[in-house]
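Chain by chain, the residues run as shown.
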Amino acid sequence: MPTLRLILGDQLDINHPWFRVADEDHLYVMMEVLPEATYVTHHIQKLLAFFHAMRTFAHSLARSGHRIIYLHLDAPDNLQDFGDNLMMLIRKYNITRLEYMMPDEYRLDEKLSKISGNLSVEVNVYDTNHFLTDRYEVQRFFEGKKTFVMEQFYRYMRRKHGILTEDGKPVTGVWNYDRENRSALKPGIPVPQPLLFSHDVSSLETMIRRMNITTFGQADSRRLIWPADRTEALQLLGFFLDHLLPRFGEFQDAMSVRSWSLFHSRLSFSLNTKMIHPGELVSKVVDHWRNHPEIPFSSVEGFIRQVIGWREFMRGIYWHAMPGYERMNFFGHDRPLPGFYWNGKTRMSCMRHTIEQSLQYAYAHHIQRLMVTGNFALIAGIHPDEVDRWYLGVYIDAVQWVEITNTRGMSQYADGGMIATKPYASSGKYIHRMSDYCSGCHYDVSARDGEFSCPFNSLYWHFLDRHRERTGTHPRMGMMYRTWDSMEGTERRRILRRAEHCLEHLEEL
């Protein structure tokens, strides 16, 4: 048995060339280790979903005739470390060569590289073949340029892969339909119930509790709702195409108490564990649109932009900027994360709803993450490290390469504008326009100051005022500073006093 192949928990691609032929010359290993379960506090559903998907994948390989060792978290011979486990297996099975696929996370890439240097066997590293770009393609694309603009990269990707283009031009004459994708959910618009799965993983939860792993959030471990394998990922994709895609574009930024998933695909967990390939996903969406031309093109373009634009762009920024990226703090924010992020106990309706949803389902869509919980953390001056840890732990799809760029970059502007074209800060007005959260809230979204004024309002103006030196000359912020300057001095002082009160009593909001 000369070759040992390591498969990580987010490398569940049954179509990878490794798995085409089963033979006696390759022994595969998958392992659950404590450091991966504890490097942040994870949502219980996230641990359950990853472990269940990993075990399902291992069973699939075994059924296909592959030889595989699976080290359960509580296995007596599990040394709880990638390196120690690999060395133990190399000795036990007289391994002469180790092979692994490139990790997507910087810390694991560094760890496996270090482990490889300490082994006495040959080590070969392979590509996962998952992404449409290599690690440094974004860096090369923007070489010599001062800013990284996603829209430029997105158009390059459309041309490179011939996605909805003819002779290098968009088939409709327009590249981006984002302006058509900003509607709030209208009363009377029916929202399909989401497709949910039902996996009994109660034994997994028992193991996690027995191993004293700290988690948060809620889970019915008898009915885990997330896909466990490629078959279920494709079922989820089919449901999206048939029932959600037609209205995805128009309402992709909408938020509503009526539905936790609205018209979103919820395929990010399947994508980030590599159950399904982004190129395959895009092809199926395009083919479905060609067979159903009544589907608004803005829905198709908006979804594809998320997959080949933002997702690939964020990964490229990650590999360009790490490891320094995780230490960036442009605004110098230093406040701790309020306790209600962990339990949802706040009188702010939008925050309560978004956080409670996140705790219940380990899911929130991009606008809830960016313009509600992320926006509040930004204008309240929460330390980016604390924001990162929460986002990395709470969401089912959170792996660092995509989480940290969206959180520290897009949401918190901690990178000083490497990703976002401006700080994504707003008052309660935006949330009121895009959601029904404000109805019945303890706070008045129309008021800037006073005991019952929406905290988002005063904190927004306070954020602009205290960071004027950093953002006052930003071309996309000028109008807001002119609005602030046009207010009477007494009004500005009342707003700042209200904001100071909110900041001093964050836990009580």
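Residues numbered from 1 in each chain as written. Predicted model: local features only at pLDDT ≥ 70, side-chain atom pairs only at ≥ 80, totals over all residues. Heavy atoms only, no water.

Peer 1: Would you mind showing me how to read the sheet that holds strand β2 (residues 26-31) here?
Peer 2: Note on sheets: strands pair through backbone hydrogen bonds, and any given pair is parallel or antiparallel. Strand order in the open sheet formed by 5 strands is β4-β2-β1-β5-β6, with parallel pairing between adjacent strands. Each edge of the open sheet carries a strand with a single partner, namely β4 (67-71) and β6 (122-126). Neighbour-to-neighbour, the strand axes of this sheet turn through a mean angle of 25 degrees, independent of strand direction. One ladder, built from 4 bridges, connects strand β1 (residues 3-6) with strand β5 (residues 97-101); its direction is parallel. What sits directly across from T3, in β5, is R97. With respect to the sheet, helix α2 (residues 44-63) is in contact with β2 and β4, its orientation differing from that of β4 by roughly 155 degrees. (Pairing = 2+ DSSP bridges. Helix = DSSP H or I, 4+ residues; strand = E, 2+ residues; numbered from the N terminus. Axes fitted to C-alpha atoms, helices over the stretch in contact; angles between N-to-C directions. Contact = heavy atoms within 4.5 Å.)

Peer 1: Explain the pattern of salt bridges to me, please; I cannot follow it from the model alone.
Peer 2: Two side chains bearing opposite charge may form a pair once their charged atoms approach each other closely. Per the counting criterion, the structure on display carries 28 salt bridges. The salt bridge partner of R97 is E122, with a shortest N-O separation of 3.9 Å. Taken together, the residues R97 in strand β5 and E122 in strand β6 connect sequence positions 25 residues apart. Linking E105 and R107 is a salt bridge whose minimum nitrogen-to-oxygen distance equals 3.0 Å. Classification of R107 by relative accessible area gives partly exposed; the value is 29%. (Salt bridge = Lys/Arg side-chain N within 4 Å of Asp/Glu carboxyl O. Buried < 20%, exposed > 50% of the residue type's maximum accessible area, 1.4 Å probe, protein only.)

Peer 1: Is there a simple way to think about the side chain of H66 in this case?
Peer 2: By the element assignment, H66 lies in the loop between α2 and β4. Of note is the side chain of H66, whose polar atom sits 3.2 Å from the backbone oxygen of F19. With sequence-adjacent residues up to four places away left out, H66 is seen in contact with W18, F19, V21, A22, Y28 and L61. (Polar contact = N/O pair within 3.5 Å; in protein donor to acceptor, adjacent residues only side chain to side chain.)

Peer 1: Explain unusual backbone geometry to me, please; I cannot follow it from the model alone.
Peer 2: Trans peptide bonds make up most of the peptide bonds, and negative phi angles are found at most residues other than glycine. Residue P323 is reached from M322 by a cis peptide bond, and omega for that bond is 5 degrees. Relative to the helices and strands, P323 resides in the loop between α11 (297-321) and α12 (340-343). For N94, which is not glycine, the phi torsion reads 55 degrees and is therefore positive. Inspection of the secondary structure assignment puts N94 in the loop between α3 (82-92) and β5. The backbone of Y413 shows a phi angle near 55 degrees, a positive value even though the residue is not glycine. Inspection of the secondary structure assignment puts Y413 in the loop between α16 (400-411) and α17 (428-434).

Peer 1: Sorry if this is basic, but what is going on with the nonpolar core here?
Peer 2: Core analysis: the largest hydrophobic core is formed by 151 residues, its most contacted members being M351 and F376. Of all the elements, α11 adds the most residues to this core, at 12 residues. Ignoring sequence-local partners within four residues, the contact set of F376 consists of P338, F340, Y341, M348, M351, F456, L459, L506 and L509. L6, L112, I115 and L119 belong to the second largest nonpolar core, which has 22 residues in total. (Core = buried A, V, L, I, M, F, W, Y, C linked by side-chain atoms within 4.5 Å.)

Peer 1: Any chance you could explain the pairing of β1 here in plain terms?
Peer 2: A regular strand carries its side chains on alternate faces of the sheet. Across the two faces of β1 the burial is the same, with T3 and R5 and L4 and L6 all buried. Alignment of β1 against β2, held across 4 bridges, turns out to be parallel. In the strand pairing of β2, L6 is matched with V29.

Peer 1: So what exactly am I meant to see when it comes to the packing of helix α13 (residues 349-361) against helix α14 (residues 366-380) here?
Peer 2: Two measures define how a pair of helices packs: the angle their axes make with one another and the distance between the axes. For the pair α13 and α14, interaxial distance at closest approach is 10 Å and the crossing angle is 115 degrees. In this structure, α13 meets α14 at a crossing whose hand is left-handed. Taking contact as the criterion, the partners of C350, M351, T354, I355 and Q357 in α13 are, on α14, Q368, V372, T373 and F376. Class assignment for the residues of the contact of α13 with α14 results in 5 nonpolar, 4 polar and no charged. (Left-handed = near helix turned anticlockwise from the far one by under 90°. Nonpolar A, V, L, I, M, F, W, Y, C, P; charged D, E, K, R; others polar.)

Peer 1: Hey, could you run me through the side chain of T405 in this one?
Peer 2: One can find T405 in helix α16. On the basis of relative accessible area, T405 is assigned to the buried category, the value being 0%. Here V402 takes part through its backbone oxygen, which lies 3.2 Å from a polar atom of the side chain of T405. Once you skip the residues sitting within four places of it in the chain, T405 turns out to touch M314, I317, Y318, Y325, Q400, M410 and I419.

Peer 1: Before we go on, may I ask you to explain the state of the cysteines in this structure?
Peer 2: Such a bond, covalent and formed between the sulfur atoms of two cysteines, is termed a disulfide. Within the structure shown, the criterion is met by 0 disulfides. Of the cysteine sulfurs around C438, a residue in no disulfide, the closest is that of C350, at 6.2 Å. Residue class for C438 comes out buried when judged on its relative accessible area of 18%. (Disulfide = S-S within 2.5 Å.)

Peer 1: Got a minute to help me understand α11 in this structure?
Peer 2: Side chains three or four residues apart in an α-helix point the same way, a direct result of the helix having 3.6 residues per turn. Given a rise of 1.5 Å per residue, 25 residues ought to cover 36 Å, and the 34 Å separating the end C-alpha atoms of α11 matches this to within 8%. Of all the bends found along α11, the most pronounced is centred on R305 and spans about 35 degrees. Within α11, 22 of the 25 residues are buried, leaving the element largely enclosed by the surrounding structure. (Expected span 1.5 Å × (residues − 1). Bend = angle between axes of the 7 residues up to and from the residue.)

Peer 1: Any chance you could explain the pairing of β5 here in plain terms?
Peer 2: With 4 of 5 residues buried, β5 is to be regarded as a mostly interior element. Bridge count between β5 and β6: 5 bridges; the pairing is parallel. Considered in β6, the bridge of L98 is made with V123. The handedness of the β5 to β6 crossover, carried by helix α4 (residues 106-117), is right-handed. (Right-handed = clockwise from strand over helix to strand, strands pointing away.)

Peer 1: It is not clear to me how the environment of I419 should be interpreted in this structure. Could you clarify?
Peer 2: Along the chain, I419 turns up in the loop between α16 and α17. Linking I419 and L496, residues 77 residues apart in sequence, is a C-alpha distance of 29 Å. The contacts of I419, once residues within four sequence positions are left out, are F148, W310, F313, M314, I317, Y325, T405, G409 and M410.

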